[in-house]
Amino acid sequence: MLCTSMTQQVEQMSSVLRNEDLKEMLESNKESLKLEAMKRIVGLIAKGKSASELFPAVVKNVASKNIELKKLVYVYLVRYAEKQQDLALLSISTFQRALKDPNQFIRASALRVLSSIRVPIIVPIMMLAIKEAAADLSPYVRKTSAHAIQKLYSLDPDQKEQLIEVIEKLLKDKSTLVAGSVVMAFEEVCPDRIDLIHKNYRKLCNLLVDVEEWGQVVIISMLTRYARTQFTSPWTENKAFYDSDSEEKKDQTEAKPYIMDPDHRLLLRNTKPLLQSRNTAVVMAVAQLYWHLAPKHEVSIVTKSLVRLLRSHREVQYIVLQNIATMSIQRKGMFEPFIKSFYVRSTDATHIKTLKLEILTNLANEANISTILREFQTYVKSQDKAFAAATIQAIGRCATNISEVTDTCLNGLVLLLSNRDETVVAESIVVIKKLLQTQPTQHGDIIKHMAKLFDNVTVPMARASILWLMGEYCEKVPKIAPDVLRKMAKTFTAEEDIVKLQTVNLAAKLYLTNSKQTKLLTQYILNLGKYDQNYDIRDRTRFIRQLIVPNEKSGALSKYARRILLAPKPAPGLESAFKDRDRYQLGTLSHSLNLKATGYQELPDWPAVAPDQSVRNVEIVEPCPCVCTESGSESEEESSEDSEKTSSDSGKSSSGSEKSSSESESDQKKKKKTKKAPQKKSKPAGDRYTEIPHCLFPQNDSKKPTFRTSGISLFYMSFQVTTSSFGPLKTYELLHHMTGKGLSAKYHFPRQPCLYQPSMVAVQVILTNSSDHALEEIHIGDQSPASLNIHCFNTIERLEPGASVTVSMGIDFSDSTQAANFQLCTKEDQFSVSIQPAVGELLMASTMTEQDFCKEQGKLQGMNEASATITMATANASRQAINKQVLSVANVGEVPSSQNNFSRFAGQTVSSRALVLVSLELSESSGALLTINTEKSVMASMLLQDLKQALAQA
């Protein structure tokens, strides 16, 4: 004790001295000392030590101009603002000024500190700050505003309506950084407002793969509940009414097969790739989504992923095994091929062993029971007594569920009665007692054997089980049962309560069946029970006495004593402990605890009739007038004929147009007659966006469509999307004519806004028939990955030998260079092809002023910036050459520059509208500094490499 108190005093003194040194450093005039002090303070916090005494000294530096120091100060303030509210309030004006700071991290940190001050008086200030941050250009700040919504709601629930308006705006945000946070705010503030999700449903499904792991779990959980309210059950598809009264009714039933809603399929398709996630919570979230939403024949795709998680830490194993135990009760076939994965290892903890045992028991059937029982024989010998007892219960369940092995299991349990381990013997007796109830007439010898062991059994539950068997089947052991009662009369007062109750029951039953031998014993035991300390035993004794011993006070009930006590009893069912857990959603805390936890939201039942699916349609409004043309599946002759009516050409020269237009009218009429009328094809599943005409944007710059960056809706500054001035386009081979059996295909990126969806990259494919026979029904087949969103060209009914046709496609690459794999099909053949985009083709050119460029570049610093020094080729020294090389690599627009040594370019990513800024600063030598600023760090590094290679080569 003395040493402990001295140690504590020494620690306190050292803490005081350390705090004094840190205060001096924080009050110093040198920025370096302040920065070092803050690093030490943050280090102390990370170690779990208190630094709250330094709050006054730290908060003075909140207005420092040093960015690194300011960041550390905000880290400290977020930690202690709630504890030191009064001091934090004194600096609230500083926090408000920091909300306007050019650095996005400072703005976010200021909002985080402001929302951590839990004082009702600043609620209006917090609300204003959240609204401003929700419209910030930085997705990191918008993400922080979504986090602040939850804090403000817990502080003042009356602000709910205003917060819902902010949530509604943030739900429209296209940044993957914001999606998870705003859905979490939605779940916290207004989980019942599913009307806010309708328009954003498809966007959330498509963004899901790119959202951070924490956000993926939250979004999947929310979409699971949403889907259960908007789609009909997929589990009714195989129902058939064979017993219908009339053929007419049967015909009506068959005429309406289940058809899955495309949006339902979209959710399942986009979550499937996440089964490969390294995050176990994401895999578990997808598994529960498939369990609750997918057709029964598709649920099995989650099996391998769940089994893979069993290699994780034991905490993860415990949760996964709990969910598998619930799933294996209803669908054994899912996990039967992986039964060896659930074999118990010697290094497993007891709770892991028990869960694996539960799953093995659920998976047992006639085919594998012999293998499982051999495993169980080993488990019974385990030194872990609790596990050995659980194994005996599992053997009992197998014997009950599979009648072919009932006798085998029963004989094995009888052999365990001679085990030296008291726990094993006791559990065996309890299980045997339950099994004997299923067929008692065949096992009189087992009951006699258990009676002989009675003196050696000390576990109360086992002794009570033997006494119950003696009483229930006393007529089958008329000589042994009275002797057992005699022994119990001697030790009655020393027995446990449960044993005493069964002794009273045995005495009553023997009194009714063999009163000559047991009358006195019964009266003796009833007298002992009459004065027992436990009131349950006293009540039971009085009841039994009045029931079996008739007297003047006894009523009519005593006449039915035999029918009451000796009535045949149904055999107990040995059921899994996880049988009723399916009432809770898989993967939730409530499912793990098997009780409803605080905040648990019930999974809705499927609607009988699906609500209107048009609520999820998003209308795409074109901001400019346009000239409509026919589908891109027309032949070259028709496209050249239409070129006279449209303002833009498909890339042919004027001479080619004149040649094609000079064809005779008779030839034109013949072709029109032989050609079938174009038919509208339905869009792929999940693509229900409003149909828009295939438009060609006019060349007038003043009417070009504008796109806001990063989904921001509250700022009016916008950047015009332009057509790149770079002329020649690279053409890539899609299918060689030898591989395609005469069909060849080439493709290029026209660098025009896609006409089908704004998030798609436009691709033009030139199909040529190099064979000597016509090719029919050329179309797009299966796609990979399944989550890929492709707008296919309409089926080409017939392509004559030597003819070519140019068709348009739209592919949503989701700002990734991952290849789009699909099948190019004819009537007879299928060919696997792949379109691999260069990173520069995932951009759309933008125009902005030099002032706007510098302003936006200042907001995209730090981790949003990638730069490299390159050695320029001599031929690329001029601005014209630089522009040519840059535009050959990336679809960006040139930004006018007032500095001769600077070349600047601007663009946006097609899918997420993230701003991409490219600047090149030339030095006096042949070197240059190439800088790329964008939120897409991976894209920035890839683009940097491509530009370095292009500018360095002659």
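Predicted model only: the values in this text are computed from it and were never measured.

Our next topic: the nonpolar core. Counting residues in hydrophobic clusters, the biggest one holds 197 residues, and the most contacted among them are Ile41, Tyr76, Leu77, Leu306, Phe342, Phe376 and Ile548. The leading source of residues in this core is helix H16 (residues 280–293), at 10 residues. Not counting the four nearest positions on each side in its chain, Phe342 is found in contact with Val307, Leu310, Leu321, Ile324, Phe335, Lys356, Ile359, Leu360 and Leu363. Counting 59 residues, the second largest nonpolar core, distinct from the first, contains Ala820, Val918, Leu920 and Leu944.

A pair of packed helices is captured by two measures, namely the crossing angle of their axes and the spacing between those axes. The contact between helix H23 (residues 422–436) and helix H25 (residues 460–472) brings their axes to 8 Å, and the two run at 30°. On the basis of the axis angle, H23 is roughly parallel to H25. Considering only the axes of H23 and H25, their crossing is left-handed. Only Met461, Ala462, Ser465, Ile466, Trp468 and Leu469 of H25 make contact with H23, whose side of the interface consists of Ala426, Ile429, Val430, Lys433 and Leu436.

Let us look at the pairing of strand E8 (residues 775–784). Of the strand pairs in this sheet, E8 and strand E10 (residues 796–799) are connected by three bridges, and their pairing is antiparallel. Counterpart to Leu775 in the pairing with E10 is Leu799. One ladder, built from four bridges, connects E8 with strand E12 (residues 820–825); its direction is antiparallel. When the sheet's bridge partners are listed, Ser784 is paired in E12 with Asn821.

Attention now moves to helix H27 (residues 497–513). Compared with the 24 Å implied by 1.5 Å per residue over 17 residues, the 25 Å span of H27 between its first and last C-alpha is a close match. Across the 17 residues that make up H27, a large majority, 14, are buried.

Looking now at the sheet that holds strand E6 (residues 743–748). Strands sit in the order E5-E6-E7-E11-E9 across an open sheet of five strands; the sheet is antiparallel. If you trace the sheet from one side to the other, it starts and ends with strand E5 (732–735) and strand E9 (789–791), each paired once. The mean inter-strand angle of the sheet, taken between neighbouring strand axes irrespective of direction, is 30°. Inspection of the sheet shows E6 paired to strand E7 (residues 761–769) by six bridges, in the antiparallel sense. Bridge pairing in E7 links Ser744 to Thr768.

Going through the model one piece at a time under the given rule, you end up with 15 aromatic pairs. Centre to centre, the rings of Phe376 and Tyr379 are 6.1 Å apart; their planes meet at 45°, and the pair counts as tilted. A residue pair is termed a helical-turn pair when its members lie 3 or 4 positions apart in one helix, as Phe376 and Tyr379 do in helix H20 (residues 369–380) at three residues. Owing to a relative accessible area of 0%, Phe376 belongs among the buried residues under this scheme. Exposure remark for Tyr379: the relative accessible area of 5% places this residue in the buried category.

A separate point is the environment of Ser465. Its place among the elements puts Ser465 in helix H25. Exposure remark for Ser465: the relative accessible area of 3% places this residue in the buried category. Through-space distance from the C-alpha of Ser465 to that of Lys434 is 9.0 Å; in sequence the pair is 31 residues apart. Setting aside chain neighbours within four positions, we find Ser465 in contact with Ile429, Val430 and Lys433. Engagement of the side chain of Ser465 in a polar contact is seen with the backbone oxygen of Met461, the distance being 2.9 Å.

On to a nonpolar patch on the surface, then. There is a patch of nonpolar side chains on the surface, built from Phe543, Leu557, Tyr560 and Ile564 and spanning about 380 Å² of accessible area. The class for Ile564 is partly exposed, based on a relative accessible area of 39%.

Moving on: the environment of Asp580. Position of Asp580 among the secondary structure elements: in the loop between helix H30 (561–565) and helix H31 (589–593). The class of Asp580 is partly exposed, set by a relative accessible area of 37%. Along the sequence, Asp580 and Thr326 sit 254 residues apart, while their C-alpha atoms lie 8.5 Å from each other.

On to the sheet that holds strand E13 (residues 830–835), then. Read across the open sheet, the four strands follow the order E10-E8-E12-E13; overall the sheet is antiparallel. Each edge of the open sheet carries a strand with a single partner, namely E10 and E13. Each adjacent strand pair in this sheet contributes to an overall mean axis angle of 35°, direction not counted.

This part is about a negative patch on the surface. On the surface, Glu20, Asp21, Glu24 and Glu27 cluster together into a negatively charged patch. By secondary structure assignment, the location of Glu24 is in helix H1 (residues 2–26). Its relative accessible area of 57% is what places Glu24 among the exposed residues.

Next up on the list: the state of the cysteines. For the coordinates displayed, the defined rule picks out zero disulfides. Cysteine Cys398 remains unbridged, with the sulfur of Cys409 as its closest cysteine sulfur at 6.3 Å. Note on Cys409: relative accessible area 4%, which makes it buried.

On to the packing of H25 against helix H26 (residues 480–491). One can describe the packing of H25 onto H26 by two numbers: an axis separation of 10 Å at closest approach and a directional angle of 140°. The angle between the axes of H25 and H26 places the two elements in the oblique class. Pair H25 / H26 crosses with left-handed handedness. In contact with Arg463, Leu467 and Met470 of H25, H26 contributes Ile480, Ala481, Val484, Met488 and Thr491. Of the residues belonging to the contact of H25 with H26, the class tally is six nonpolar, one polar and one charged.

Mean pLDDT over the protein works out to 80, with 83% of the residues at or above the 70 mark. Mean pLDDT across the elements of the protein ranges from a minimum in strand E2 (residues 694–696), with 32, to a maximum in H16, with 95. Considering only residues more than four positions removed or in separate chains, one finds that residues 238–253, a stretch of pLDDT under 50, has four contacts. Confidence drops under a pLDDT of 50 for residues 621–719, and excluding neighbours within four residues, the segment shows 146 contacts in the predicted structure.

Criteria and thresholds
Residues numbered from 1 in each chain as written. Predicted model: local features only at pLDDT ≥ 70, side-chain atom pairs only at ≥ 80, totals over all residues. Heavy atoms only, no water. Core = buried A, V, L, I, M, F, W, Y, C linked by side-chain atoms within 4.5 Å. Buried < 20%, exposed > 50% of the residue type's maximum accessible area, 1.4 Å probe, protein only. Helix = DSSP H or I, 4+ residues; strand = E, 2+ residues; numbered from the N terminus. Contact = heavy atoms within 4.5 Å. Axes fitted to C-alpha atoms, helices over the stretch in contact; angles between N-to-C directions. Parallel < 35°, antiparallel > 145°, perpendicular 65-115°, else oblique. Left-handed = near helix turned anticlockwise from the far one by under 90°. Pairing = 2+ DSSP bridges. Expected span 1.5 Å × (residues − 1). Phe/Tyr/Trp six-rings, centres within 6.5 Å; stacked < 30°, edge-to-face > 60°. Polar contact = N/O pair within 3.5 Å; in protein donor to acceptor, adjacent residues only side chain to side chain. Patch = residues over 30% accessible without salt bridge, like charges linked within 9 Å, V, L, I, M, F, W, Y side chains within 5 Å. Areas by Shrake-Rupley, 256 points an atom, 1.4 Å probe, with all protein chains shown as cover. Salt bridge = Lys/Arg side-chain N within 4 Å of Asp/Glu carboxyl O. Lys, Arg positive; Asp, Glu negative; His and termini not counted. Charge placed at Lys NZ, Arg CZ, Asp CG, Glu CD. Disulfide = S-S within 2.5 Å. Nonpolar A, V, L, I, M, F, W, Y, C, P; charged D, E, K, R; others polar. pLDDT = per-residue confidence, 0-100.

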